[in-house]
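Residue-level structural notes
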Amino acid sequence: MYSRNGVVAASQPLAVSAGIEILRKGGSAVDAAIAVSAVLCVVEPGASHLGGDAFVITHKSSDKTNLAFNGSGEAPHAATATEFPNGIDIHGYRAATVPGLVSTWFAAHEEFGLLSMEELLAPAIDYAENGFAANNGFVRRIARHVKEFPNTKVFTTMKIPTDLTVGDVVVQRDLAHTLSAIAEKGRSAFYEGEIARALIEASDSWFNAEDLKSHRTRVVPPLTIEYRDVLVHGQPPPSQGMILMEELRIASQFDLAGMSESERIHLMVEAKKIAFADRYRILGDPEHVDVNVGEILSDEHIQKRASQIDLKHANLTPATENQEGSDTTYFLTADRDGNAVSWIQSVFHGFGASWAVPGTGVLMNNRLTGFTLDERSPNCIKPGKRPAHTLNAWTITRKDGSLAFVGGTPGANIQVQSNFQLIVNAVDLKMTPQENAEAPRWQHLNKSKNSSGDEVFDGVLQIENRTSQETISTLTSLGHEISELPAYGHGSSVQLLEVLENGTYIAGSDPRCEGHAAGI
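Report on the accompanying structure. All figures in this text were calculated on a predicted structure; none of them were measured in a lab. (Residues numbered from 1 in each chain as written. Predicted model: local features only at pLDDT ≥ 70, side-chain atom pairs only at ≥ 80, totals over all residues. Heavy atoms only, no water.)

**Some thoughts on the pattern of salt bridges**
Here is the rule we go by: The salt bridge definition used is simple: a Lys or Arg side-chain nitrogen within 4 Å of an Asp or Glu carboxyl oxygen. Helical segments are the DSSP runs of H or I of at least four residues, strand segments are the runs of E of at least two, and each set is numbered from the N terminus. Buried, partly exposed and exposed residues are distinguished by accessible area as a fraction of the type maximum, computed with a 1.4 Å probe on protein chains only: under 20%, between the cut-offs, and over 50%, respectively.
The full count for this structure, using the stated rule, is 23 salt bridges. Arginine 305 is paired through a salt bridge with aspartate 278; the nearest N and O atoms lie 2.9 Å apart. Placement of arginine 305 in helix 14 (residues 299-307) and of aspartate 278 in helix 12 (residues 261-282) is noted, with a sequence separation of 27 residues between them. Aspartate 278 sits in the buried class, given a relative accessible area of 1%. Several salt bridges converge on common partners, so that one network encompasses Glu74, Arg216, Arg218, Asp285, Glu287 and Arg386.

In structure tokens form, the structure reads like this:
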């Protein structure tokens, strides 16, 4: 998709249309992003919702500055390790952190908004109040969740039927009322008003008024590294965006463009293993623990880590990291003035906590499960602390500060692996956005389950079967345990934007999802 005056790329066509509508009204890239974000909560509730979180990177063209918005929520006042003698709950309100998405809407709008919140939330309110036609993804996600968790009451609370077929109209009037309250009364309606009171009461005061009132979205400089001839801007802690940065820094020590496909994949998988190991060693909430990302990304550390890669054999040392929730949504926007937004939001696992606040239509996250109970870990649970977060988004600028690329994907721990491939494909291999979105992809997983259902750390390299058999055979000979995925079976759903030096936008969207890219 080529355009000059703006672009929206997302996983759901109705959300794309809402963003384009806002751009046509003269809204900024952030205005369009808020509209997209809200519609996605209505039409893709399994992946993100008002009770979830968001991480955002913005690019402001007028002064070539970039900002990171950290919309992750804190553990409530009652969330101590002693509360979970049998492990952190996966579902229910005790699995949730304070929601950060709504706060992020207002923090981003305060910086870059041009239109009113009433205008921006109007498309989402309309779809919630008057309904939308359920697509395959909507129906499939609900059916899968009900099958896996047959005792869930979440859809009853949200007033969404579970016997939907494709094309059925889905109406969510409680959610429409909540969105209308936020549009009319602002941020306080969610964190201090009727919605906050409903959450406190329904959670038996697991959340209290201070938990919600004290929450804020952190607006900070992004984590920035030099890669080849560009600058990559990503999410600082507690996001695990540091993994992406370390992967790229390690890769910069090698000529990836001059390698064969098997050599390149091998090198990148080995860099991934190293970066994840460093992440689990140091990452936590920087407001509670010392997270020395500078040391991890230093020349000395990168050169040391790069020298540990064996180009002739895979590192088969067992890993200890966990494989985390996978249901998330990513989208991007750009406006006629050259401003752009890279935005990712989530409720963590599919349908998050599988628990909604009665009478509000608000689905809660289960991000508390992103903590550990190990007191030796920098990511040990503590009231008021934010968990180490899988969500990350990125932008790329040229050395002169002008915008070059925007991109991202859902996929939990797969995110930073997919983003690694996207950036290498764009910068090193010069793929166009759509070529990049459609290219075969791999994912290295450290955890799976054996036939008895026990978790095992087996280091499987999953790779789409469109990859040449010669490449797969070579990777096997290097020691990788290969598991072939269907042609488009990779667990990502990328949206990509390239900005030419003349200002033209080129956007691409992943065929692995139901969305698309559109422009004006």
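**Remarks on the side chain of lysine 273**
Note the threshold: The contact definition used throughout considers only heavy atoms, calling two residues in contact when any of these lie within 4.5 Å.
Within the element layout of this structure, lysine 273 appears in helix 12. With near-sequence residues (within four places) excluded, lysine 273 lies in contact with Ala314, Asn315, His444 and His480.

**Some details on the sheet that holds strand 16 (residues 442-445)**
Where we set the bar: Two strands form a pair only when DSSP identifies at least two bridges running between them. A fitted line through C-alpha atoms serves as each axis, taken over the contacting stretch for helices, and the angle formed by two N-to-C directions is quoted from 0 to 180°.
Across the sheet, which stays open at both edges, the three strands sit in the order 16-19-20 with mixed pairing between neighbours. At either end of the open sheet lies a strand with only one pairing partner, and these are strand 16 and strand 20 (481-485). Across the sheet, the mean angle from the axis of one strand to that of its neighbour is 25°, orientation sign disregarded. Where strand 16 and strand 19 (residues 460-464) come together, four bridges link them in antiparallel fashion. Bridge pairing in strand 19 links tryptophan 442 to isoleucine 463.

**Comments concerning the nonpolar core**
What counts here: Here, nonpolar core refers to any group of buried Ala, Val, Leu, Ile, Met, Phe, Trp, Tyr and Cys residues whose side-chain atoms link them within 4.5 Å.
In this structure, Leu50, Trp105 and Trp343 are the most contacted members of the largest nonpolar core, which totals 91 residues. Element by element, the count of residues in this core is highest for helix 2 (residues 29-43), at 13 residues. Membership of the second largest hydrophobic core comes to 53 residues, among which are Tyr227, Ile309, Ala404 and Ala426.

**A closer look at the pairing of strand 11 (residues 340-348)**
Counted residue by residue, strand 11 has nine buried out of nine residues, so it is predominantly covered. Residues Ala340, Ser342, Ile344, Ser346 and Phe348 line one face of strand 11 and the alternating positions Val341, Trp343, Gln345 and Val347 line the opposite face, and both faces are buried. Summarising the sheet, strand 3 (residues 53-60) and strand 11 pair through seven bridges and their orientation is antiparallel. The residue bridging aspartate 53 from the neighbouring strand is serine 346, located in strand 11.

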